[in-house]
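Here's the letter readout for the chains.
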Amino acid sequence: MPITVKTNQHAEQVFELQSCGAKQAHEIHVEKNGTFKGVALLWDMRDCDVSFVIDLDEGAETELYALVAGSARERGSLLVRMNHRGVRSKGRASIKAVLAESAQLRFTGMIQIQKQAQKAQSYLREDVLLLSEHARSWGKPQLEIEANNVCASHGSTVGRMDNKQLQYLASRGISEEQGKKMIVEGFAGSVLEHIKDEKIKDKLLADVNCHLAGAHRPPSAKPGN
Amino acid sequence: MLDLRLQAFDFFKKQPMPRWGADLSAIDFDDIYYYVKPSDKVERSWDDVPQDIKNTFERIGVPAAEREFLAGVGAQYDSELIYHSLKERAGQQGVVFLDPAEGLREYEYLFKQYFGSVVPYADNKFAALNTAAWSGGSFVYVPKGVSMDMPLQAYFRINAERLGQFERTLIIAEEGSNLHYIEGCTAPIYSTGSIHAAVVEIIVKKRARMRYTTVQNWSHNVYNLVTKRSHVYQDGIMEWVDGNLGSKATMKYPSIFLKEEGARGEIMSLAFASEGQHQDAGAKVVHLASHTSSVITSKSVSQASGRASYRGLVSVVPGAKDVSVRVTCDALLLDEESRTDTYPCMDIRSNDVRIEHEASVSSIREEQLLYLNQRGLSAEQARSLVVNGFIEPIVKEIPLEYAVELNRLIELQMEGSVG
């Protein structure tokens, strides 16, 4: 369902997108000087095809934080498109993905700045943590810039858990299992910190952890087969 | 070879035009000379050469005799001589440096073994066209352990024979060898042919090191559609330095396949898109083995309604361990009419990797101009200084004489850009 943020208004929304299993398009239109903040959590992403398209009018601002957790043989795709249509519009998107077992994520990011959208600022970032050697990340962060007086950039990283961090935690007496959990929590933390309600936050974190640990899994899908 | 050409031509006819990248709809394949005999040299007179090309020769300081040649109207000047001394010097070290047709005649076994092994004709439509119609280019063979002490400049070879539109280059660097190959020149190459579809195949064997430098400045009516690829074996190093200035539309993505452990690759790409141009350049790296690393640096400048795009691929196959990749794409937009795009694709199927990708788009900042104005530089000088600073990391990798010409050329293109 399209979301419209009216002129000078502010809106916030948390999207809980677990086991959505189908195409889900979110269209967000931020009118003049409006602000929108979205936090999206996507886990158990079997065949999920989620998209966020955010249109920004003059002076509009948006922040989007997304956390994706995949495990087993889930395949999901996520698209984030920020379309700058007005001058001085600002966009910021940060996507974090934790992929365990044989999970596959297809991420497409797009920053579009139209000719009239001078002085726009936009940043898109994708960080992927691969917990297993069978996990796969496919990423395509794109830029299409037609205005010259703008600041637009994207950054993207893919990597696995840092052994040095685990060693450090081990030297402090923390077990490997617990250490891994802490690192995932730290990684996901930058998305979850945008959820104000502590109860919801704790519940979501527990859900994500459970999911990565292999609960929620239907009996038919065993890992690695 | 004829069979191969016919097969390739068949494939070319069947293959649809690419629906992505630059707009190629204006190409008329029936209106192209598929083979020009080297003897058909003087066809045009100096007066037919467009004024802007003449101006460019003037500004970047191309010698008068060479100007006529580059414009396709004069006889070859002393490049024949330079080529012979270069060839002789290469020959003393056992390095083969020939036209591919000569290569096929004299080293048939070697040539046939590697021809099409890196870029098969069915790779894409334009590789097929090249395989069907190839003439000109280079065949280079560097024997085991030989380190060529000076760069091989294809410019002189190709000049000595007149440039082909369907160049085919095959370079084999044997174990432990080292070679720097340079093609192109910064002087605008004036050609009435509207398409340049070259294929470059490079094989870098164990512990060999190869650098391939291109500085391309085709005249603004040329479609430059080139397939460049290299296979790198154990502990080998491949470096592409790619400068794209001219042409109407360029689609060129130098690629590196890192096939064995310890192989490394680096691609440095520079694109300058001016009025009416679309530079669709990029880089591809495929990591097929463990302990491999690659670095991609791309810089593009768009001005006067030009469009520069970066299109790239980084791929890591399952089971490849200890892989590191760093990609940096920076774009500079000089005015409101221009456009820049970034289309990178990262397909990572292993977790023992360190992948970083960064891209940014910026314009010249007011305070930079103000600072330079205060130091007594005009707005125009200031802008070209900022542009030169922006592309410097790539330009410094290009041999000095080319880099100097390149800088002058960019200054020239930017002339009158301040209103």
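Residues numbered from 1 in each chain as written. Chains lettered and ligands numbered in written order. Predicted model: local features only at pLDDT ≥ 70, side-chain atom pairs only at ≥ 80, totals over all residues. Heavy atoms only, no water.

Visitor: I would appreciate a short explanation of the overall build of chain B in the present structure.
Guide: When helices and strands are counted, chain B shows 11 helices and 19 strands. With 419 residues in all, chain B has 59% of them scored as buried. For chain B, contacts bridging at least 24 residues in sequence account for 85% of all contacts bridging at least 6. When the accessible surface of chain B is summed, it comes to about 16,700 Å², and 49% of that surface belongs to carbon and sulfur atoms. (Helix = DSSP H or I, 4+ residues; strand = E, 2+ residues; numbered from the N terminus. Buried < 20%, exposed > 50% of the residue type's maximum accessible area, 1.4 Å probe, protein only. Contact = heavy atoms within 4.5 Å. Areas by Shrake-Rupley, 256 points an atom, 1.4 Å probe, with all protein chains shown as cover.)

Visitor: Looking at this structure, I do not really get the interface of chain A and chain B. What am I missing?
Guide: Interfaces are often described in size by the accessible area the parts lose on coming together. Taken together, the contact between chain A and chain B spans 32 residues of the former and 32 residues of the latter. Buried area between chain A and chain B, summed over both chains or domains, comes out near 2,600 Å², and the portion from carbon and sulfur atoms is 46%. The largest share of the area that chain A buries against chain B comes from Glu133, Asn148 and Val158 of chain A, three residues that together contribute 20% of it. Applying the counting criterion to the chain A and chain B interface returns five salt bridges. Among the ionic pairs, Glu144 of chain A bridges to Arg339 of chain B, the shortest N-O distance being 3.4 Å. Across the chain A-chain B interface, the total number found is 16 residue pairs in polar contact (both at pLDDT 80 or more). Only β11 (136–145) and β12 (151–160) of chain A provide two or more residues apiece to the side of chain A that touches chain B. Partitioned by chemical class, the residues of the side of chain A that touches chain B number 12 nonpolar, 13 polar and seven charged. Bridge count for β11 of chain A against strand β18 (residues 339–348) of chain B is six bridges, and the pairing is antiparallel. (Buried area = accessible area lost by both parts, 1.4 Å probe. Salt bridge = Lys/Arg side-chain N within 4 Å of Asp/Glu carboxyl O. Polar contact = N/O pair within 3.5 Å; in protein donor to acceptor, adjacent residues only side chain to side chain. Nonpolar A, V, L, I, M, F, W, Y, C, P; charged D, E, K, R; others polar. Pairing = 2+ DSSP bridges.)

Visitor: Help me out: how do you make sense of the pairing of strand β11 (residues 249–252) of chain B in this one?
Guide: Looking down a regular strand, the side chains alternate between one sheet face and the other. All names here are of chain B. Because side chains alternate across β11, one face comprises the buried residues Ala249 and Met251, and the other comprises Thr250 and Lys252, equally buried. Pairing analysis gives four bridges linking strand β9 (residues 223–232) to β11, with the strands arranged parallel. From the neighbouring strand, Val226 faces β11, where its bridge partner is Lys252. Pairing geometry for β11 and strand β14 (residues 278–287), over four bridges, is parallel. Each bridged residue has a counterpart across the sheet, and for Lys252 the counterpart in β14 is Ala281.

Visitor: What exactly am I supposed to notice about the confidence of the model for chain B here?
Guide: Detailed conclusions should not be drawn from predicted coordinates in areas where pLDDT is low. All names here are of chain B. Mean pLDDT over chain B works out to 83, with 82% of the residues at or above the 70 mark. Counting contacts from residues 38–43, a segment whose pLDDT is below 50, to residues more than four positions away or on other chains yields seven contacts. Predicted confidence for residues 72–78 stays below pLDDT 50, and this span has 18 contacts to residues more than four positions away or in other chains. The ipTM value of the predicted complex is 0.78, and its pTM value is 0.85. (pLDDT = per-residue confidence, 0-100.)

Visitor: Looking at this model, I keep getting lost on the environment of Trp134 of chain B. Mind explaining?
Guide: All names here are of chain B. As for its placement among the helices and strands, Trp134 is situated in the loop between α7 (125–133) and β2 (137–142). Using a relative accessible area of 4% as the deciding quantity, one classes Trp134 as buried. Expressed as a C-alpha distance, the spacing of Trp134 and Glu167, which sit 33 residues apart in the sequence, is 5.8 Å. Those residues in contact with Trp134 that sit more than four places away from it in its chain are Met1, Arg5, Pro100, Ala101, Phe111, Phe115, Phe166 and Arg168.

Visitor: Got a minute to help me understand the confidence of the model for chain A in this structure?
Guide: Confidence in the prediction for chain A averages 86 pLDDT; 93% of positions are at 70 or higher. Below pLDDT 50 for its whole length, residues 215–225 of chain A participates in 13 contacts with residues either more than four positions away or in separate chains.

Visitor: Before we go on, may I ask you to explain the domain arrangement of chain B in this structure?
Guide: All names here are of chain B. According to the domain assignment, chain B consists of domain 1 (2–369) and domain 2 (370–419). On the domain 2 side, the residues contacting the 38 residues of domain 1 number 29 residues. The tally of links from domain 1 across to domain 2 stands at one salt bridge. Note that Arg211 is salt-bridged to Glu397, the shortest N-O span being 3.0 Å. In this structure, the connection of domain 1 to domain 2 is made through 12 residue pairs in polar contact (both at pLDDT 80 or more). The set of elements that each furnish at least two residues to the side of domain 1 that touches domain 2 consists of α2 (51–60), β5 (178–184), β8 (209–216), β13 (264–273), β15 (293–302), β17 (323–333) and α9 (366–374). Of the residues in the side of domain 1 that touches domain 2, the class split is 17 nonpolar, 15 polar and six charged. (Domains from an automatic or database assignment.)

Visitor: Teacher, can you tell me more about the packing of aromatic side chains here?
Guide: In this description, an aromatic ring pair is defined by two values, namely the gap between the centres and the angle between the planes. What the rule picks out here adds up to 11 aromatic pairs over all chains. The structure contains a cluster of three or more aromatic residues connected by ring pairs, namely Tyr107, Phe111, Phe115, Trp134 and Phe139 of chain B. When the ring centre of Phe187 of chain A is taken as reference, the NZ or CZ atom of Lys96 of chain A above it lies at 4.6 Å. (Phe/Tyr/Trp six-rings, centres within 6.5 Å; stacked < 30°, edge-to-face > 60°. Lys NZ or Arg CZ within 6 Å of the ring centre and 35° of its normal.)

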